[in-house]
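# Working through the structure, step by step
So the chains spell out like this:
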Amino acid sequence: SDSSSDSGSEDSSLSDSELQEAFSKGALKPGLNVVLEEGPKRRNDVNGLKQCLSEFKQQLAWVERLDVTLGQVVDPISQSASNKDAVDPENDFQREMSFYRQAQAAVLEALPRLRKLQVPTRRPDDYFAEMAKSDQQMQKIRQKLKSKQEAMERSERAKQLRAMRKYGKKVQNEILQRRQKEKKNMLNAVKKYQKGLSDKLDFLDEEQTSSQGNKKGSANQQIKKGPNAKRRYKNQKFGFGGKKKGSKWNTKESFNDVSSFRSKVAHNKGPRKGGKKALNKRPGKRARQKMKSRAR
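Quick look at the structure, then. Quick caveat, the model's predicted, so the values are computed rather than measured.

Bringing the overall build of the protein chain into the picture now. The secondary structure content of the protein chain amounts to 12 helices and zero strands. Along the protein chain, from the amino end to the carboxyl end, the secondary structure elements read α-α-α-α-α-α-α-α-α-α-α-α. For the protein chain, with 296 residues in total, the buried portion stands at 5%. Once local pairs closer than 6 in sequence are excluded, the contacts in the protein chain between residues at least 24 apart make up 39%.

Below, the structure is given as structure tokens:
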């Protein structure tokens, strides 16, 4: 079984038909397969490699090739600090810095050679390069960016308005709370005065000063003593107490007093301003209908 496995492993490169044919002829026998200890020979055909190189190599000028070959570029700072010329490949920062210094040194070497060959290395002012994208596509991108910017501005304005409303509500609530507090204090002072617990009328002065507001600095402002405007209006409308019922009844003295009677005025015979139309007379039905139709 071992010999058959060895033979099978050695002849595994052969196809099944070839193995069957060899087995039928009796060519497969144990002990025929020998393992070689020597490795495959490597061929170093130098002449063939040089011939291939000469076939595809082109003798071109350097300006056509623009190849720059440099050795290892040592960082002057790290060299002055320590004599570590080798770059640790596991250190990402050192590896990237070595690439950067290598490219920088190559540019510094290639630029003088290009200037010597009178090859321009700067883009001219009138250089025109066609865009990779069309004008329609760039217009769409511009419109999209503009819409995003406008949306951001609208959002910012809305945020500011919300903050202003919030601040306005806060100020309004503070004013309302202050007014309610002043009103409560005034009502308490009035109750105390009515009950005889206090004989001070300072709350009236406070009410006047609060109603005046910002008018304190005006030159025409005068400190008014006595009841406020609300009290004066009510006094004028309702009086100061006393008898109300029958106050407009006629008396014997008022009945006999005819000094204020004017006959011409009473019978519409006196002089009138504006003629007949000045009478306070209600217009007729037709006139009222015409007035309504004109108003429509």
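Let us now look at a nonpolar patch on the surface. A surface patch of nonpolar side chains, about 260 Å² in accessible area, is lined by V63, L66 and L117. Its place among the elements puts V63 in helix 4 (residues 62–65).

Turning next to the environment of V73. Within the fold, V73 resides in the loop between helix 4 and helix 5 (76–81). Residue classification places V73 among the partly exposed positions, given a relative accessible area of 24%. Separated by 28 residues in sequence, V73 and R101 place their C-alpha atoms 6.6 Å apart. Setting aside residues no more than four positions away along its own chain, V73 makes contact with R101, Q102 and A105.

Taken together, the side chains of K159, R162, R165 and K169 make up a positively charged region of the molecular surface. In this fold, R165 is placed in helix 7 (residues 135–195). For R165, a relative accessible area of 52% gives the class exposed.

Rules of the game
Residues numbered from 1 in each chain as written. Predicted model: local features only at pLDDT ≥ 70, side-chain atom pairs only at ≥ 80, totals over all residues. Heavy atoms only, no water. Helix = DSSP H or I, 4+ residues; strand = E, 2+ residues; numbered from the N terminus. Buried < 20%, exposed > 50% of the residue type's maximum accessible area, 1.4 Å probe, protein only. Contact = heavy atoms within 4.5 Å. Patch = residues over 30% accessible without salt bridge, like charges linked within 9 Å, V, L, I, M, F, W, Y side chains within 5 Å. Areas by Shrake-Rupley, 256 points an atom, 1.4 Å probe, with all protein chains shown as cover. Salt bridge = Lys/Arg side-chain N within 4 Å of Asp/Glu carboxyl O. Lys, Arg positive; Asp, Glu negative; His and termini not counted. Charge placed at Lys NZ, Arg CZ, Asp CG, Glu CD.

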